[in-house]
Amino acid sequence: MDVENAPQRLRALPSWLLGQVSHEARRTVGEVLAKAGLHRSQYALLAALEEFGEQSQTALSERSGLDRSDVVRWVDDLVGQRLVERTQDPGDRRRNVVSITDRGRERLKHLDAQLKRAQTELLAALTVAERARLVEMLGRVLGAKPLHTRD
């Protein structure tokens, strides 16, 4: 949509503006991840495993907000790419534990750099300080605790 020619009533609604930015952000991030052969859900799983360590597939589902059946499918693909390993939990043989591999960490590091560039392009109209403030404000809207971002 051509935002400049949208009705003023729409342009005055933060929810509408957030929706427009969200659409563009999803497209931008999706393109970066697609070039790397991953989906945004797989990136979320890799990020959770790298930050919080090995987890059950159920815990990954809860932490990422993804449906358990989707987590199984995404983990299957990540195992196939050797980005994660899935092993049986020695304490509960009914449960699988997923961990990120060194290869997965390297892929995540590479993706982080690409996504950082994409975010910079997406938010080019804002200064670095304004971008940080935007992240903080959006987090507050979502009820998140203050974030200490990594540069």
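Every value quoted in this text rests on a predicted model; they were computed, and no experiment measured them. (Residues numbered from 1 in each chain as written. Predicted model: local features only at pLDDT ≥ 70, side-chain atom pairs only at ≥ 80, totals over all residues. Heavy atoms only, no water.)

Asker: Looking at this structure, how should I read the side chain of Q57?
Answerer: Mapped onto the secondary structure, Q57 falls in helix α4 (residues 57–64). Engagement of the side chain of Q57 in a polar contact is seen with the side chain of R86, the distance being 2.9 Å. If we ignore the near neighbours within four places in the chain, the residues touching Q57 are V71, V72, V75, R86, N96 and V98. (Helix = DSSP H or I, 4+ residues; strand = E, 2+ residues; numbered from the N terminus. Polar contact = N/O pair within 3.5 Å; in protein donor to acceptor, adjacent residues only side chain to side chain. Contact = heavy atoms within 4.5 Å.)

Asker: Looking at this model, I keep getting lost on helix α2 (residues 14–35). Mind explaining?
Answerer: Under the 1.5 Å per step criterion, the end-to-end length of α2 is 31 Å for 22 residues, consistent within 8% with the ideal 32 Å. Looking only at α2, the buried set comprises W16, T28, V29, V32 and L33. Its buried side turned inward, α2 meets α1 (8–11), α3 (40–52) and α6 (102–122). Phi turns positive one or two residues past the end of α2, at G37, with a value near 75 degrees. (Expected span 1.5 Å × (residues − 1). Buried < 20%, exposed > 50% of the residue type's maximum accessible area, 1.4 Å probe, protein only.)

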